[in-house]
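Residue-level structural notes
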Amino acid sequence: MSMDARAIGAQITQRIGSFLYSPTVRGAGRVISVSDGIVQASGLKGCRYNELLQFEDDVYGIALNVEDNKVGAVLLNGLDMVRAGERVCCTGRVVEVPVGDVLLGRVVNPLGQAIDGGREIAAQDYRPVESEAPAIIDREPVNRPLPTGIMAVDAIVPIGRGQRELIIGDRQTGKTAIAIDAIINQRDTDILCIYVAIGQKASSIAQTVQTLEHYQAMEHTIVVAATASDCAAMQYIAPYAGCAMAEHFMHQGRDVLIVYDDLSKHAVAYRAMSLLLRRPPGREAYPGDVFYLHSRLLERAAHLSQERGGGSITALPIIETMAGDISAYIPTNVISITDGQIFLESELFHSGVRPAINVGLSVSRVGGSAQTKAMREVAGHLRLDLAQYRELVVFSRFDSDLDKNTKEVLERGERLTEILKQGQFQPMTMAEQTALLYAATQNLLRAVPPAQVSGFAPVLLAAFREQGRWVLDRITQQGALDDVSRENLARIAKDTVETAYPQASDGEAK
Ligand code: ATP
Ligand code: MG
């Protein structure tokens, strides 16, 4: 093959022409002061809000206060490695985390680095932790259920895919338990889960991971953990990092359940950072933009339209209250952002009503439209019946001489309260819940003394599972109750009650 000089010249010119070299100009500056993980730096020309800053020795920080002649930043790592006078430069990027299937089953820190002692995470894709929420046009109303397996939740405060439902309550009232049960219930579904632990003890997180592993729920779950001993900046970005991982799946058309446990500690970490950055404190010493802190996070939960792939992120943020005060600053903020709340009460928890859901104060503003017809039929009156019962209980304390009607309402309410009790890690399918609630609301359990109903429920459930498997399958398939299902449910319930309480049932019959 021969080539003349001109052809060679043309080739070279073409190659040079296609050579792209675009030098990046980065602002560089010096550290003025450093204390408590907060850095003040000068000379960072063109630095932008939320930009990742690079210090010497691979230490990174986030620029949060961008002023005329100096920048205030929080450090993400190497808190005691940065010295005054050191060089710092802008990176032109925001914090990014690895995303994708490789993270499933792993425990990572908010930067996406493995902290479970396993292999390093070799991700193909990265995503910035902060990104804009989907627009209104790209969304679809919540119309598919996300069953939690907890009867009291699925019947009274149903959750739909793409919803944001707050779990709120005092300390030790079973908030985490509800979220973990919901994650475990997604075992055999196509829903992926992300559990973001913020400011918890490392030992509690380890225990949660162990629980998830024990119930084979870790395969479809990512745990993002910023422990109480991590710096405030790590706790601050943890929920955004978890959300970025969820968004990646959502844009692939998959469904994700994300739990933020808990956002009170997140707000406290942000308050610490803001005060150290010398931002003016407002109510309860929180900075003025603490509402935006949570609204921009929770707005990213969405149910995308079919054109956008139809994926969804369902968010279960958790808030801890002090002495049941839901009108404090952070609780009211988050209540106003979410589509409803599950309010847990210490008093109920200690009187043995577990999950300790206060039916009166708990609502789900959008989930009802995602409930199955069968569930709507049996649970329709539940809230009202329970409310009536609670009101009567207060009055009946004064008067022991009650008429027959009132007694009946009281007993019925007591039975309903009992049937809604459910232990941890015992999820029930929608059909099983429907069957149990059908028995309770149709008064088929009247031969069972109210105090023994919660003990009798597992027996009845076992009977439904053994003798009525086909009825349960039928309910699951049809999503509604027909006469055949109703008859058979009633028959099984009656037989089981008669076997367990023969005398009482005889008395009823006469
Ligand atoms: P914290 O404020 O410490 O985060 P929390 O509100 O998240 O507490 P959990 O840790 O979920 O509460 O639960 C507190 C205790 O109650 C745990 O020991 C848990 O096992 C128990 N518990 C929670 N729910 C139930 C339930 N449905 N049945 C029996 N025990 C439960
Ligand atoms: Mg908890």
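So, a few notes on the structure that sits alongside this text.

Each value, and the rule that gives it
- Residues numbered from 1 in each chain as written.
- Chains lettered and ligands numbered in written order.
- Predicted model: local features only at pLDDT ≥ 70, side-chain atom pairs only at ≥ 80, totals over all residues.
- Heavy atoms only, no water.
- Helix = DSSP H or I, 4+ residues; strand = E, 2+ residues; numbered from the N terminus.
- Buried < 20%, exposed > 50% of the residue type's maximum accessible area, 1.4 Å probe, protein only.
- Phe/Tyr/Trp six-rings, centres within 6.5 Å; stacked < 30°, edge-to-face > 60°.
- Core = buried A, V, L, I, M, F, W, Y, C linked by side-chain atoms within 4.5 Å.
- Contact = heavy atoms within 4.5 Å.
- Near = heavy atom within 4 Å.
- Polar contact = N/O pair within 3.5 Å; in protein donor to acceptor, adjacent residues only side chain to side chain.
- Areas by Shrake-Rupley, 256 points an atom, 1.4 Å probe, with all protein chains shown as cover.
- Nonpolar A, V, L, I, M, F, W, Y, C, P; charged D, E, K, R; others polar.
- Pairing = 2+ DSSP bridges.
- Axes fitted to C-alpha atoms, helices over the stretch in contact; angles between N-to-C directions.

So, the environment of L382
The residue L382 is located in helix α11 (residues 382-396) in this model. You can call L382 buried: its relative accessible area is 1%. Sequence separation of L382 and T441 is 59 residues, and the distance between their C-alpha atoms is 7.9 Å.

Some remarks on the packing of aromatic side chains
Evaluation of the coordinates by the stated rule reveals 5 aromatic pairs. Ring centres 4.7 Å apart and planes at 25° place the aromatic pair Y215 and F425 in the stacked group. Of this pair, Y215 sits in the loop between α4 (202-214) and β12 (221-227) while F425 sits in the loop between α12 (404-419) and α13 (430-441), and the two are 210 residues apart along the sequence. Note on Y215: relative accessible area 22%, which makes it partly exposed.

Quick notes on the nonpolar core
Counting 75 residues, the largest nonpolar core has I342, L382, I419, L420, L437 and L445 as the members making the most contacts within it. Here the element with the most residues in this core is α13; it accounts for 8 residues. In this structure, I342 is in contact with V153, V157, I159, E165, L166, I167, I168, I178, I357 and S362, ignoring residues within four places of it in sequence. Formed by 64 residues, the second largest nonpolar core is a distinct cluster that contains L64, I258, L277 and L298.

Examining the site of ligand 1
Lining the immediate surroundings of ligand 1 are 14 residues, of which Q172, K175, T176, A177 and Q424 lie closest. Within the side chain of T176, an N or O atom sits 2.6 Å from an oxygen atom of ligand 1. For ligand 1, whose free accessible area comes to 630 Å², the fraction covered by protein is 69%. If you tally residues by element for the shell around ligand 1, the top one is helix α3 (residues 175-185), at 3 residues. Looking at the shell around ligand 1, its residues break down into 3 nonpolar, 7 polar and 4 charged.

Re the sheet that holds strand β4 (residues 60-66)
The sheet built from 6 strands closes into a barrel, its strands ordered β1-β2-β5-β4-β3-β6 with antiparallel pairing. For this sheet, the mean inter-axis angle between neighbouring strands, taken without regard to orientation, is 40°. Relative to strand β2 (residues 38-42), strand β1 (residues 28-35) runs antiparallel, the two being bridged by 5 bridges. Looking at the pairing, V31 lines up with A41 of β2.

As for the side chain of T314
Within the secondary structure layout, T314 lies in strand β14 (residues 312-320). Within the structure, T314 has its side chain in polar contact with the backbone nitrogen of G162 (distance 2.9 Å). Non-local contacts of T314, meaning those with residues more than four positions away in its chain, are made with L146, I159, G160, R161, G162, Q163, V256, L257 and I258.

Just distances and angles here, no functional claims.
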